[in-house]
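Analysis of the macromolecular model
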Amino acid sequence: MAAAAPLYNTYNRTPLRFSHGEGVWLTTESGERYLDFAAGVAVNSLGHAHPHLVKALTDQAGKVWHLSNLYEVPGQEALGERLMRVTFADKVFFTNSGAEALECAIKTARRYHFAKGHPERFHIITFEGAFHGRTTATIAAGGNEKYIEGFGPKAPGFDPVPFGDLEAVKAAITPATGAILIEPVQGEGGIRPASIEFLKGLRALCDEHGLLLVLDEVQCGVGRTGKLFAYEWAGITPDIMAVAKGIGGGFPLGACLATEEAASGMVAGTHGSTYGGNPLAMAVGLAVLDVVLADGFLDHVRDMALLFAQGLASLADRFPDVIAEIRGQGLMLGIKAKGPSADLLVAMRNEHLLGVPAGENVIRLLPPLTITAEEVREGLARIEKAALAVRANAETKPA
Ligand SMILES: *Cc1c(COP(=O)(O)O)cnc(C)c1O
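Rules and cut-offs
Residues numbered from 1 in each chain as written. Predicted model: local features only at pLDDT ≥ 70, side-chain atom pairs only at ≥ 80, totals over all residues. Heavy atoms only, no water. Near = heavy atom within 4 Å. Polar contact = N/O pair within 3.5 Å; in protein donor to acceptor, adjacent residues only side chain to side chain. Areas by Shrake-Rupley, 256 points an atom, 1.4 Å probe, with all protein chains shown as cover. Nonpolar A, V, L, I, M, F, W, Y, C, P; charged D, E, K, R; others polar. 1 Å grid on protein atoms, 1.4 Å probe; cavity = no way out; pocket = protein on both sides within 12 Å on 5 of 7 lines; lining within 4 Å. Points joined across faces, edges and corners; volume = space filled by probe spheres on them. Pairing = 2+ DSSP bridges. Helix = DSSP H or I, 4+ residues; strand = E, 2+ residues; numbered from the N terminus. Axes fitted to C-alpha atoms, helices over the stretch in contact; angles between N-to-C directions. Contact = heavy atoms within 4.5 Å. Parallel < 35°, antiparallel > 145°, perpendicular 65-115°, else oblique. Left-handed = near helix turned anticlockwise from the far one by under 90°. Domains from an automatic or database assignment. Buried area = accessible area lost by both parts, 1.4 Å probe. Salt bridge = Lys/Arg side-chain N within 4 Å of Asp/Glu carboxyl O.

**Notes on the site of the ligand**
Looking at the ligand, the residues that line it are S97, G98, A99, F131, H132, G133, E183, D216, V218, Q219 and K245. Within the backbone of A99, a nitrogen or oxygen atom sits 2.7 Å from an oxygen atom of the ligand. A distance of 3.2 Å separates a nitrogen atom of the ligand from a polar atom in the backbone of F131. Burial of the ligand by the protein amounts to 82% of the accessible area it has alone, namely 380 Å². A per-class count over the shell around the ligand returns three nonpolar, five polar and three charged.

Okay, structure coming up:
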């Protein structure tokens, strides 16, 4: 029987079995080491087995694992206050995943207009190429037909327009529009950063039309772009923001952040979660922020990002037959392949380097933020070998 036989067939899994990790490295059951630039799709923000995170989790594990949200949970207050201090937000709701953070964000936006006497303003403008999760509402928000087909009627109220097209956004605004939802850097869609002008334009449109600006920073947040949150690069603030992945460093944790005003409709009884804000998750979230907010950490991310991006740009110059383009921001980088990106991804894996596929024929490189300069150079050397292999393979293949 195949190893994964009891499991749903929803994933095409690569036959790699890792038993442990340390920092940027993962080791298989048979003892082979891989350089992990997938980082669990931007989840292992501080790498594997970070001592500060291990200690936070194990210390908490000896105290209390779960408390119902029927009681006060001190860890939620501590992490909430911490997030309030360093973001635009006044309020937070903790979740276990990105999709749940988005669900909370969507409900918060709709409930805001409902509470203001405008239940009809439930429409949310979204963007082509978006990814917001796999719940019935978030697949509708993402708009990818592959994820929507066969799951019954698509959840209503999501109005997609082309990414980066401000005129299209303007044209899509109607009296039923309540919010705009965007990833400042599209991840799944192929590492596509929104321009600063575009984000500023969206903020201005929201202000002009009384809309809420909802950001999905599930993948690009928590230091990934070299700022704590990507919106900081644009000098704007959202009204609502979904966060997950990197904030838990590998422990399931998400959060929906909002201004006091935007969260005003979410009164007692309107939302809930059994596990959201679990004490184990809170302990880890606080520990992640200890590291990411420490003096010099984001400078380190920006330094490593520059080194990595420069190295990738020079590989793109030398391998125009293999690499079409380098894109991204911070340590959220993408290689757009010239041929099938799957071939380059396999060649990278043969060099024991892990990346993540994305849309538009792009391979995502999302190394832990703790990566060192030496590890960046090691990664670049492996990508170079992979590019050589792809080139050699193309040369032996008949045209
Ligand atoms: C991963 C991701 C999600 C969904 O998060 P889950 O934890 O898988 O539910 C939502 N939005 C973005 C931008 C993501 O990258």
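**Considerations on empty space enclosed by the protein**
As enumerated under the stated definition, the model contains one cavity of 30 Å³ or more in all. In this structure, the largest cavity encloses a volume near 30 Å³. For the largest cavity, the full set of lining residues is A42, S45, Q219, G221, V222, R224 and G246.

**Looking at the sheet that holds strand β7 (residues 177-182)**
As summarised here, the arrangement of the seven strands in space is β4-β12-β11-β10-β7-β5-β6, forming an open sheet in which the pairing is mixed. Of all the strands in the sheet, the pair left with one neighbour each is β4 (91-95) and β6 (158-161). Mean inter-strand twist for the sheet, computed between neighbouring axes without regard to direction, equals 20°. Strand direction decides the pairing type here: strand β11 (residues 240-243) and strand β12 (residues 254-258), joined by four bridges, are antiparallel. By the bridge assignment, V243 is partnered in β12 with A255. Along the sheet, helix α8 (residues 196-209) makes contact with β5 (123-127), β7 and β10 (212-216), crossing β7 at roughly 165°.

**What to know about the packing of helix α2 (residues 51-61) against helix α10 (residues 279-292)**
Put simply, α2 and α10 touch, their axes get as near as 9 Å, and they point 155° apart. It follows from the interaxial angle that α2 and α10 lie roughly antiparallel. Considering how the two elements wind past one another, α2 and α10 form a crossing that is right-handed. Contact with α2, carried on its side by H52, L53, A56, L57, Q60 and A61, involves P279, L280, A283, V284, A287, V288, D290 and V291 of α10 and no other residues of that element.

**Notes on the domain arrangement of the chain**
Each domain of the chain was delimited in the assignment, giving domain 1 (18-42 + 296-396) and domain 2 (51-292). Averaged C-alpha coordinates put domain 1 and domain 2 at centres separated by 28 Å. Listed by partner, the interface residues are 23 residues for domain 1 and 23 residues for domain 2. Both faces considered, domain 1 and domain 2 share a buried interface measuring about 1900 Å² in area, 60% of it formed by carbon and sulfur atoms. Put simply, domain 1 and domain 2 have two salt bridges between them. For E360, the salt bridge goes to R192, with nearest N and O atoms at 3.7 Å. Connecting domain 1 to domain 2 are nine residue pairs in polar contact (both at pLDDT 80 or more).

**Examining the sheet that holds strand β14 (residues 332-337)**
A sheet is described by the order of its strands in space; here four strands give the open sequence β13-β14-β17-β16, paired in antiparallel fashion. Two strands in the sheet have a free side with no partner beyond their single neighbour: β13 (323-329) and β16 (356-358). Strand-to-strand twist in this sheet, taken as the mean axis angle between neighbours without regard to direction, amounts to 30°. By the bridge criterion, four bridges tie β14 to strand β17 (residues 362-365) in an arrangement that is antiparallel. Opposite K336, over in β17, you have V362 as the bridge partner. Each of β14, β16 and β17 is contacted by helix α12 (residues 341-350), which is oriented at about 35° to β17, the strand it contacts most.

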